[in-house]
Amino acid sequence: MLKVFHLRTDEEGLYNITSYVRQALNESGISEGIAVVFCPHTTAAITINENSDPDVQTDLLFGLRKSFPDRSEYQHCEGNSYAHMKSTCVGASETVIVHDGSLMLGTWQGIYFAEFDGPRDRNFFVKIIKG
Ligand code: ZN
């Protein structure tokens, strides 16, 4: 089962999409398998990280900004190469094991849509595969 979700983002941010993935899983009726979450954009990403202390998300974005600053040497005409680099390093997808009808996430884990070049209208896909 494939489910498409829409998201309106700010300039930069981590959006907790765990509830959307759970919704897709519940609608699928599948109790054993995997859930694939995919981001079809080149300046955004999907990641799993802490869902408790919001300072972790702030620090992740700060660390990525420091690691991938805008540089005058970049040639990409759109001027957002730093966002492309964050996207490719964080990654376009995550896979989560489904067992007993639940996502096998750790207690402190949440699934996040990472925006690096907003504000934009974004999509992400959730595919639940029985197995
Ligand atoms: Zn670009």
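Chemist: Before we go on, may I ask you to explain the overall build of the protein in this structure?
Modeler: For the protein, the count of helices and strands is three helices and eight strands. Along the protein, helices and strands appear, N-terminal first, in the series β-β-α-β-β-α-α-β-β-β-β. For a compact globule of 131 residues, the expected C-alpha radius of gyration is about 14 Å, and the protein comes in at 15 Å, within 12% of that figure. On the principal axes, the C-alpha backbone points of the protein span a range of 50 × 30 × 20 Å. Taken over 131 residues, the protein has a buried fraction of 39%. Charged side chains of the protein number 11 positive and 17 negative; the gap between the two group centres comes to 5 Å.

Chemist: Can you help me understand the sheet that holds strand 4 (residues 44-50) in this one?
Modeler: To summarise the sheet geometry, strands pair through backbone hydrogen bonds and adopt either a parallel or an antiparallel arrangement. An order of 2-7-4 is seen for the three strands of this open sheet, with the pairing classed as antiparallel. Two strands close off the open sheet at either side, each with one partner strand: strand 2 (13-16) and strand 4. Taking the axes of each pair of neighbouring strands and ignoring which way they run, one obtains an average angle of 35° across the sheet. Looking at chain direction, strand 4 and strand 7 (residues 109-115) are connected through seven bridges and run antiparallel.

Chemist: When you look at the side chain of Ser28 in this model, what are you seeing that I'm missing?
Modeler: One can find Ser28 in helix 1 (residues 18-28). Here Ile30 takes part through its backbone nitrogen, which lies 3.0 Å from a polar atom of the side chain of Ser28. Other than its neighbours up to four places away in sequence, Ser28 contacts Met1 and Ile128.

Chemist: Which parts of the structure should I look at to understand the side chain of Thr47?
Modeler: Among the secondary structure elements, Thr47 is positioned in strand 4. Judged by its relative accessible area of 16%, Thr47 is buried.

Chemist: Looking at this model, I keep getting lost on the pattern of salt bridges. Mind explaining?
Modeler: Any two side chains of opposite charge can pair if their charged atoms end up close together. Scanning the model with the defined rule gives eight salt bridges in all. Here Arg71 and Glu73 are joined by a salt bridge, their closest N and O atoms 3.4 Å apart. Note on Arg71: relative accessible area 42%, which makes it partly exposed. Take Glu73: its relative accessible area is 51%, and that puts it in the exposed class. Ionic contacts of the salt-bridge type, sharing partners, join the residues Glu12, Arg65 and Lys86 into one network.

Chemist: Would you mind going over the coordination of the zinc ion with me for this structure?
Modeler: Four donors placed tetrahedrally around a metal ideally meet at 109.5 degrees, and six donors placed octahedrally ideally meet at 90 or 180 degrees. Coordination sphere of the zinc ion, protein contribution only: His76 (NE2), Glu78 (OE), Asn80 (OD1) and His84 (NE2), at 1.9 to 2.2 Å. Around the zinc ion sit four donor atoms; with metal-centred angles ranging over 88 to 146°, the donor geometry is irregular. Mapped onto the polypeptide sequence, the residues donating to the zinc ion form the spacing pattern H-x1-E-x1-N-x3-H. With relative accessibility at 3%, the residue Asn80 sits in the buried group.

About the thresholds
- Residues numbered from 1 in each chain as written.
- Predicted model: local features only at pLDDT ≥ 70, side-chain atom pairs only at ≥ 80, totals over all residues.
- Heavy atoms only, no water.
- Helix = DSSP H or I, 4+ residues; strand = E, 2+ residues; numbered from the N terminus.
- Rg over C-alpha atoms; globule rule 2.2 N^0.38 Å.
- Buried < 20%, exposed > 50% of the residue type's maximum accessible area, 1.4 Å probe, protein only.
- Lys, Arg positive; Asp, Glu negative; His and termini not counted.
- Charge placed at Lys NZ, Arg CZ, Asp CG, Glu CD.
- Pairing = 2+ DSSP bridges.
- Axes fitted to C-alpha atoms, helices over the stretch in contact; angles between N-to-C directions.
- Polar contact = N/O pair within 3.5 Å; in protein donor to acceptor, adjacent residues only side chain to side chain.
- Contact = heavy atoms within 4.5 Å.
- Salt bridge = Lys/Arg side-chain N within 4 Å of Asp/Glu carboxyl O.
- Donors = N, O, S within 2.8 Å, 3.2 Å for Na, K, Ca; no water.
- Tetrahedral: all angles 85-135°; square planar, octahedral: opposite > 155°, others 65-115°.

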